[in-house]
Amino acid sequence: MKRVALLGATGSIGRQALEIIDAHRELELVAAASGSQGIDGLAPLTQVGGDLTELLERAGPDVVLNAVVGFAGLPATLWALERGVDLALANKESLVAGGNLAIPARKTGGGRILPVDSEHSAAFQLLENRAPETVDSLVLTASGGPFRGRSRADLGNVTPREALEHPTWNMGPKITVDSATLMNKGLELIEAHFLFDLPYDRIEVVIHPTSVVHALVRFRDGAALAHVGYPDMRVPISFALTYPERAGTPIPALDFGSGLILEFSAPDEYAFPCLALARAAGEAGGTAPCVLNAANEVAVAAFLDDRLPFLAIPDVVERTLAQIDCPPASSLEELVEMDAEARRVASTLTRAVVT
Ligand code: NAD
Ligand code: MG
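Residues numbered from 1 in each chain as written. Chains lettered and ligands numbered in written order. Predicted model: local features only at pLDDT ≥ 70, side-chain atom pairs only at ≥ 80, totals over all residues. Heavy atoms only, no water.

**Student:** I'd like a rundown of the overall build of the protein, residues and numbers included.
**Tutor:** Regarding its fold elements, the protein presents 13 helices and ten strands. Relative to its length of 355 residues, the protein is compact, with a C-alpha radius of gyration of 19 Å against a globular reference of 20 Å. Taking all 355 residues of the protein together, the buried fraction comes to 56%. For the protein, the computed accessible surface area is about 15,100 Å², with 51% contributed by carbon and sulfur atoms. (Helix = DSSP H or I, 4+ residues; strand = E, 2+ residues; numbered from the N terminus. Rg over C-alpha atoms; globule rule 2.2 N^0.38 Å. Buried < 20%, exposed > 50% of the residue type's maximum accessible area, 1.4 Å probe, protein only. Areas by Shrake-Rupley, 256 points an atom, 1.4 Å probe, with all protein chains shown as cover.)

Quick look at the structure:
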């Protein structure tokens, strides 16, 4: 039996995880948490909001599925890693903001990070048991979101409703907007850097509209391996929760006869500046990724609330990064302070934008 704690149980990932857990006798849901929606009776132990590490302490799970959205997921990520408890990680923001604490904690705690993000689950599978010197580079694919192919001039008036219409994935609102700005791929670039210990110049992002290829790894001999499958998050969720057994799922095997289109192109970094902003913040290191993430959370919330135009999201992020020194943080408390400072600056900048 694997005792699972599910954080973010009411969200898009959380609901699909419940389906996977229900289908497997060897997965036992011992605790569940949500941000604000009631979840009484969903698991023996439940919690709504508050400090999720208290729930984890009481539950003593074998695996934590962190499917909280945003920086709020960081304490739970560190809790699992420090104790050597397996971490099935959907909450990429915790690794973006806290990678410098999380990766050393994984080492001292001796636990595993089993990525749930589809590209990282794919990369994990492609890189497992490879000698690092044989790996040339990692390629992360991006669908391009609902605004793929638009020029910057065509993005001025897009509405939250349009941004929420994702072509290939059905996800929570924050990550859907991140997919539309390409910040999602920027966050994933930083996530991959920490997860796989690869320098940024060896991680590439390509646009791949059908989301059938989730990631590729190029090796030093000129060969590349790709991870392919229909875009369905139940596959990486199941992989993480049943690792290393790779249990079956209800997702059909790929049907090549019906025609699969594998098309790739370079991202338009002028129309979608968030990708380059994330790459620069990752390369700058220190708490720059934490500040990037916080500013993005503020800007996306304002956009969803009709208080900020779409193209101002990267502006707010860029200007927040320009206003704050981002020295490394050596504790969760310092990161929480940095996150709060970045939110204050980003909120002020957001209010100054006239919509
Ligand atoms: P969502 O908005 O659908 O759900 C978020 C969940 O987090 C909800 O259960 C909410 O109640 C909970 N939550 C929010 N704030 C909380 C807090 N302070 N304390 C406790 N719980 C809180 O989001 P989602 O689409 O399920 O995404 C969750 C995470 O997974 C995000 O980090 C996202 O980037 C990542 N992810 C999602 C997908 C996807 O397909 N949805 C794919 C890859 C990665
Ligand atoms: Mg992803």
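Let's pick the thread back up.
**Student:** Describe unusual backbone geometry, and please don't skip the residues or the numbers.
**Tutor:** Here the bond from Tyr243 into Pro244 is cis, since omega is 5°, no more than 30 degrees from zero. Along the chain, Pro244 turns up in the loop between α9 (234-242) and α10 (274-284). Positive phi, normally seen in glycine, also occurs at Asp306, with a value near 60°. Position of Asp306 among the secondary structure elements: in the loop between α11 (288-304) and α12 (312-323). Of the residues examined, Asp306 reaches a relative accessible area of 57% and is grouped as exposed.

**Student:** If you had to explain the pattern of salt bridges to someone new, which residues and values would you point to?
**Tutor:** By the definition in use, this model includes 17 salt bridges. The residue Glu188 makes a salt bridge to Lys185 at a minimum N-O spacing of 2.7 Å. Of this pair, Glu188 and Lys185 are both found in helix α8 (residues 183-196), three residues apart, which corresponds to roughly one turn of the helix. For the pair Glu188 and Lys185, one class covers both residues: buried. Salt-bridge contacts for Asp305 lead to Arg307; the nearest nitrogen and oxygen are separated by 2.9 Å. One continuous salt-bridge network, built from bridges that share partners, spans Lys92, Asp117, Glu119, Lys185 and Glu188. (Salt bridge = Lys/Arg side-chain N within 4 Å of Asp/Glu carboxyl O.)

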